[in-house]
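# Understanding the architecture of this molecule
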Amino acid sequence: MKYHLHIFGCQMNEADAQRVGSELEKIGLTYTDHARDADVIVLDTCVVRQSAEDRAYSYIQTLKPIKAQRPAAVITVMGCMVGVKSNGALKKQFPWVDVFMPPSETAPLVNYLRQREAFALLEEETRHRHAIQDGELILPAHERGKLVAAHVPIVYGCSHACTFCIIPFRRGVERSRPVGQIAQEVRSLAEQGVKEVTLLGQIVDRYGKDFSDGPDLSDLLRVINGIDGIERIRFLTSHPNWMTDKLLDIVAELPKVCEHIEVPVQAGDDEVLRNMRRNYSADDYRRLIDRIRAKIPNTSIATDIIVGFPGETEAHFQHTYDLLEELRLDVAHLAKYSPRPNTVAERNMIDDVPEEEKERRWRVLNDQHERISAGINRRYQDQVVEVLVEDQHKGKWRGRTRTNKLVFFEDEMTDRRGQLVNVKIDKTGPWSMNGTIQSA
Ligand code: SAM
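Rules behind the numbers
- Residues numbered from 1 in each chain as written.
- Predicted model: local features only at pLDDT ≥ 70, side-chain atom pairs only at ≥ 80, totals over all residues.
- Heavy atoms only, no water.
- Buried < 20%, exposed > 50% of the residue type's maximum accessible area, 1.4 Å probe, protein only.
- Helix = DSSP H or I, 4+ residues; strand = E, 2+ residues; numbered from the N terminus.
- Pairing = 2+ DSSP bridges.
- Right-handed = clockwise from strand over helix to strand, strands pointing away.
- Phe/Tyr/Trp six-rings, centres within 6.5 Å; stacked < 30°, edge-to-face > 60°.
- Contact = heavy atoms within 4.5 Å.
- Axes fitted to C-alpha atoms, helices over the stretch in contact; angles between N-to-C directions.

### Focus on the pairing of strand 9 (residues 196-200)
Sheet faces and side chains relate simply in a regular strand, where the side chains alternate between the two faces. Counting buried residues in strand 9 gives five out of five residues, a clear majority hidden from the surface. Pairing of strand 6 (residues 149-153) with strand 9, which is carried by five bridges, proceeds in the parallel orientation. Following the sheet pairing, H151 is matched in strand 9 by T198. When strand 9 meets strand 10 (residues 232-236), the two strands line up parallel, connected through five bridges. The residue bridging T198 from the neighbouring strand is R234, located in strand 10. As for the winding sense of the linkage, the β-α-β connection from strand 9 through helix 8 (residues 217-225) to strand 10 is right-handed.

### Observations concerning the packing of aromatic side chains
Under the criterion given, the structure shown has eight aromatic pairs. Seen in terms of ring centroids, Y3 and Y31 are 5.4 Å apart; in terms of plane orientation they differ by 65°. Their pairing is edge-to-face. Here Y3, found in strand 1 (residues 2-7), pairs with Y31, found in strand 2 (residues 30-31); they are 28 residues apart in sequence, far enough to count as distant. What makes Y31 partly exposed here is its relative accessible area of 24%. Grouped by ring-pair contacts, the aromatic residues Y57, F94 and W96 constitute a single cluster.

### Topic: the sheet that holds strand 3 (residues 40-45)
Strand order in this open sheet of five strands is 2-1-3-4-5, and the pairing throughout is parallel. Taken across any chain shown, the strands that pair with only one partner, and hence form the sheet edges, are strand 2 and strand 5 (99-101). As paired elements, strand 1 and strand 2 share two bridges and run parallel to each other. Pairing of Y3 across the sheet is with Y31, part of strand 2. Against the sheet, helix 1 (residues 11-26) engages strand 1, strand 2, strand 3, strand 4 (74-79) and strand 5, with an angle of about 175° to strand 1. In the packing of helix 2 (residues 50-69) onto the sheet, contacts are made with strand 1, strand 3 and strand 4, and the angle to strand 3 comes to roughly 170°.

Limitation: the analysis is restricted to geometry and does not speak to function.
Printed below as a string of structure tokens:
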């Protein structure tokens, strides 16, 4: 019996879907790349913007004829479209879907399959193989020994309630996972060949704040840093207000934690930031970037920006442009504001920036970002950098620097996957670099 995963959205969705694959393999299913061959099809959805939701709707429509031809196929829709409070409306809309599953859960699908005789027998056959693996994350077979960089959720949900964001409604309140559970998962990933872990949370630097007197992200990083086999650690996404000096000092101190910080500003204008309910000013963000750069030299910094938020005037937008020009960050993930149901912005504010103007602002920032990134990356020209090789792409090896820069190089003779290699950079661009391998 086979399963297929189709994943939309963020790294958290990728991690969630990987865990579904792991659970399905424990009961005897194997992965297939093709939905048409699968007995179980799982779609992991994103609704952070309307465009993402539209893509998920279209994909669900493509599953209808599959279900009509093969009624025994089990169709599952999971993730943020379903949310933590599923109300039956989706079932009415998509009667060909068998299981609706909230984000980060696997039990509804596994329990559904257990009730079906064919899957129950399969589980019986495979149970003994997994007897010693309970509680660990066993990667799906097609990734085991091949996956170099894995994502590990450490905080589920979010309780922050930025006025634009639907995530708290769909992923529920903030819940940090216990240190021991995360460490066990990372250890098992290392045993399966993973060399790099990215710890995930909507506001990852709030890790542990929902425990009374518990460990924080710095404490967790120290534990993960001690795990054999793991070479690199990253974490994302941080909120500016929770990036303490203690955390920055730990990033600077621990050898495996990479010089790479993802800390969204969303806008460079104080009024817009207030309306977004971000709880910091542009000056606070400036000071944070200064602090990061002072404590962690040569770090790369990524941000997220929303253009066209309700009430964003040309002057407000200019403040965002000027802030980005001044700070010269490595990466800017740009999004056009998309009203999301039941958020404060959708209920109480008017989506008054026309679509063409959102598009124009997006392009202006994209051009700016391309120029700034190209300039930053030019500094790598002729330098030798350490690259962790992840996979092959169009005949070249592909990996990342500690600062999360994508590097390509050629090497026909050896399998480089999972190796740390030194690469001399020959050519740089805004999105990636090319180089020559220096040493084994
Ligand atoms: N929780 C983190 C934060 O806000 O700092 C980041 C994770 S969020 C799910 C990913 C990004 O999607 C946000 O940083 C934001 O830029 C973008 N986003 C969220 N809601 C949006 C909306 N309604 N319209 C456009 N972009 C949105």
